[in-house]
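Residues per chain, in single letters:
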Amino acid sequence: MDQTQQLLQSVVESARTGAEACAQLIERTPDPGMRNELLAQRDQYETCARDAERALYDLGGKVRNPGPAAKAGMWVGVRLNTLTDATNSHIADIAIQGATMGVIGMTRDRSAYPDADANAQGIASAYITAQQDGIERMKQFL
């Protein structure tokens, strides 16, 4: 797999993880404002994943799907992390930490694949920007 495809695959995996995390957190919050913000962030993650998938398919690549163990691990992690504290502040903290890890990972991947084409680099940059915007919006719930 060339660097362009590797970077796009990285965006797909990271964005899908973010969308799944948001879906898990949505189930744990009763607050309509927090729920709406998490829905908006999930939609952003899904849009980024679709953009990267489309670009990957256009290059003849195939998306690798994470195994069920990864999803199960996230489900357990969110459940345990919100078992005793499902306040907006705590959920915002979880979302901010996850998005921050995503920004770091994608920034690292962009550096690791310097020969990826401009379209893939742009999709990765848009993903980073979406995560940074989500972090800023979550700060209101801290």
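Structural data are supplied above this passage.
Residues numbered from 1 in each chain as written. Predicted model: local features only at pLDDT ≥ 70, side-chain atom pairs only at ≥ 80, totals over all residues. Heavy atoms only, no water.

Draft legend 1. Here's a closer look at the packing of helix α4 (residues 88-112) against helix α5 (residues 118-138). Put simply, α4 and α5 touch, their axes get as near as 9 Å, and they point 160° apart. By the angle between their axes, α4 is roughly antiparallel relative to α5. Of the two elements, α4 crosses α5, and the hand of that crossing is left-handed. Between α4, through Ala-92, Ala-95, Ile-96, Ala-99, Thr-100, Gly-102, Val-103, Met-106, Thr-107 and Arg-110, and α5, the contact on the second element is made entirely by Gln-121, Ala-124, Ser-125, Tyr-127, Ile-128, Gln-131, Gln-132, Ile-135 and Met-138. In the contact of α4 with α5, the residues fall into 11 nonpolar, seven polar and one charged. (Axes fitted to C-alpha atoms, helices over the stretch in contact; angles between N-to-C directions. Helix = DSSP H or I, 4+ residues; strand = E, 2+ residues; numbered from the N terminus. Parallel < 35°, antiparallel > 145°, perpendicular 65-115°, else oblique. Left-handed = near helix turned anticlockwise from the far one by under 90°. Contact = heavy atoms within 4.5 Å. Nonpolar A, V, L, I, M, F, W, Y, C, P; charged D, E, K, R; others polar.)

Draft legend 2. View of the pattern of salt bridges. Considering all chains together, one arrives at seven salt bridges under this definition. Measuring nitrogen to oxygen at the nearest pair gives 3.1 Å for the salt bridge that ties Arg-64 to Glu-13. Remark: Glu-13 occurs in helix α1 (residues 3-28) and Arg-64 occurs in the loop between α2 (32-58) and α3 (68-82); sequence separation between them is 51 residues. Looking at Arg-64, the relative accessible area reads 44%, which means it is partly exposed. Residue Glu-13 is classed as partly exposed on the basis of its relative accessible area, which comes to 32%. For the salt bridge of Glu-136 with Lys-139, the shortest nitrogen-to-oxygen distance reads 2.8 Å. Classification of Lys-139 as partly exposed rests on a relative accessible area of 42%. Connected through shared salt-bridge partners, Arg-42, Asp-43 and Glu-46 make up one network. (Salt bridge = Lys/Arg side-chain N within 4 Å of Asp/Glu carboxyl O. Buried < 20%, exposed > 50% of the residue type's maximum accessible area, 1.4 Å probe, protein only.)

Draft legend 3. Region of interest: the environment of Ile-135. Topologically, Ile-135 is positioned in helix α5. Take Ile-135: its relative accessible area is 12%, and that puts it in the buried class. Expressed as a C-alpha distance, the spacing of Ile-135 and Ile-96, which sit 39 residues apart in the sequence, is 5.2 Å. The contact partners of Ile-135, leaving out residues within four places of it in the chain, are Ile-96, Ala-99, Thr-100 and Val-103.

Draft legend 4. Structural view of the packing of aromatic side chains. Scanning the model with the defined rule gives one aromatic pair in all. Geometrically, the ring pair formed by Tyr-45 and Tyr-127 is tilted, given 6.1 Å between the ring centres and 55° between the ring planes. Of the two residues, Tyr-45 is situated in helix α2 and Tyr-127 in helix α5; the sequence distance between them amounts to 82 residues. Relative accessible area serves as the criterion here: at 1%, Tyr-127 is assigned to the buried category. (Phe/Tyr/Trp six-rings, centres within 6.5 Å; stacked < 30°, edge-to-face > 60°.)

Draft legend 5. Local environment of the nonpolar core. With 37 residues, the main nonpolar core has Leu-38 and Met-138 as its most contacted residues. Elements with a contribution of two residues or more to this core: α1, α2, α4 and α5. Residue contributions to this core peak at nine residues, all from α1. If near-sequence neighbours (up to four positions away) are discounted, Met-138 is found in contact with Met-34, Glu-37, Leu-38, Gln-41, Ala-92, Ala-95 and Ile-96. (Core = buried A, V, L, I, M, F, W, Y, C linked by side-chain atoms within 4.5 Å.)

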